[in-house]
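Chain residues, written in single-letter form:
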Amino acid sequence: MTGMSTLSPVSDPRLLSPLYVWRGGWLAVLSNMANQPHRHVAASLLVGLQGPLNVTVDGQRLDQQIVLVPPEQTQTLHSEGPVAVIHLDPDEPAWRGLSAGMGEHLQQTLLTALPPLAEAQAHPDSVIRLLATMRDTAAVHPLDPRVASACRVLREHEEVDLEQLAEQANLSASRFRRLFSEQLGVTFKRFVLHLKSQRALALWESGMTLTELAVAAGFYDQPHLNRTLRAMFDALPSRYARGQPVQVVPLSVPEGISQTRPS
């Protein structure tokens, strides 16, 4: 795939909704979107609110209203109209459930529940209910409990390293690294960097400079934050915040991760 989109450009996207952030993902509704090829550690659930989207995933063009992109697959998105963007971390139960497939009922639920979110007023309860619906089939693809435990520790203690987690799992560092990648579909290093990016989104406030955000989220400096967000989101927070305030709505959502027995 080339490094440039061949589709006609659209104007800079505007946030039509608050940015909903929870431990495991985020959701926002944008007025439109046209981005460059990029990869996310998180899975991307993209929903066109007024019709089909133009999405390219690993070189395959898709013209669909709902597109689910697995972690670490190269993607571009083009939408002239409003689009809901939902990022689901690889350990988020909603992704574990959606990876088994989306039935007609869930697709209709998305198309019904998302358009009302495209307004400035916050609707946290609606987002929580939608997330619960997406998590309903999470038990189909549960995480190995050793990896699920490691993910919880990493979210709470960013200074923990791979060797410590491997020891807690009673595995060698190399075996734990392989198990982690096999279960989540991403490398340990990429997952840790992704958590920093998620932390930046959770800390983001209107009027905050990128330097302030970088320090608060634990990045070395502003250029480090810039490079990471461009690589993972194909945009900087200031692009979405340009010309308007940004309301970040943290959601208190139970973890609810199903687990398998280790082999």
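Conventions and cut-offs
Going along each chain's sequence as written, the residues are numbered from 1 onward. Totals for whole chains, interfaces and linings use all residues, but because this is a predicted model, local features are given only for residues with pLDDT of at least 70 and pairs of side-chain atoms are given and counted only at 80 or more. Here the side-chain values reflect all heavy atoms present in the structure, with hydrogen atoms and water set aside. Note: pLDDT gives the predictor's confidence per residue, expressed from 0 to 100. Under the DSSP-based scheme used, a helix requires at least four consecutive residues in state H or I and a strand at least two consecutive residues in state E, with every element numbered from the N terminus. Contacts are assigned to residue pairs that have any heavy atoms within 4.5 Å of one another. Centre distance within 6.5 Å is the pairing criterion for rings of Phe, Tyr and Trp, where only the six-membered ring of Trp is used; planes under 30 degrees apart are then read as stacked, over 60 as edge-to-face, and the remainder as tilted. Exposure classes here rest on a 1.4 Å probe applied to the protein chains alone. A residue is buried below 20% of its type maximum, exposed above 50%, and partly exposed in between. Between any two strands, at least two bridges found by DSSP are needed for them to pair. Under this scheme, a helix contributes an axis fitted over its contacting stretch, all axes are lines through C-alpha atoms, and angles between N-to-C directions fall in the 0 to 180 degree range. Should a side-chain nitrogen of Lys or Arg be within 4 Å of a carboxyl oxygen of Asp or Glu, the pair is scored as a salt bridge.

## Looking at the confidence of the model for the protein chain
One rule of thumb: low pLDDT means the predicted coordinates there are not for detailed reading. Put simply, the protein chain has an average pLDDT of 83, and 85% of its residues get 70 or more. The least confident element of the protein chain, judged by mean pLDDT, is helix α10 (residues 237-241) at 52; the most confident is helix α6 (residues 173-184) at 97. Low pLDDT, under 50, characterises residues 257-263; the stretch is placed with 20 contacts to residues that sit more than four places away or in other chains.

## Considering the packing of aromatic side chains
By the definition in use, this model includes three aromatic pairs. Relative to F180, the ring of F176 has its centre 6.0 Å away and its plane inclined at 50°; by these criteria the two rings are tilted. Linking F176 with F180, this pair stays in helix α6, spanning four residues, or about one helical turn. For F176, a relative accessible area of 0% puts it in the buried group. The buried category is assigned to F180, whose relative accessible area is 0%.

## Some details on the sheet that holds strand β4 (residues 43-48)
Spatial ordering of the open sheet is given by β7-β4-β9-β2-β1-β10, a layout of six strands whose pairing is mixed. Two strands bound the open sheet, and with one partner strand each, they are β7 (66-69) and β10 (248-250). For this sheet the average axis-to-axis angle between neighbouring strands, irrespective of direction, equals 15°. When β4 meets strand β9 (residues 83-88), the two strands line up antiparallel, connected through six bridges. Within β9, the residue paired with S44 across the bridge is H87.

## Observations regarding the pattern of salt bridges
It is possible for side chains bearing opposite charge to pair when their charged atoms get close. A full pass over the atoms with the stated rule returns nine salt bridges. Note that R39 and E72 form a salt bridge whose closest N and O atoms lie 3.1 Å from each other. Of this pair, R39 sits in the loop between β3 (33-34) and β4 while E72 sits in the loop between β7 and β8 (75-79), and the two are 33 residues apart along the sequence. For E72, a relative accessible area of 18% gives the class buried. Among the salt bridges present, the one from R155 reaches D91, with a minimum N-O distance of 2.8 Å. Of this pair, R155 sits in helix α4 (residues 145-156) while D91 sits in the loop between β9 and α1 (93-98); the two residues are 64 residues apart in sequence, bridging distant segments of the chain. We note that R155, like D91, is buried.

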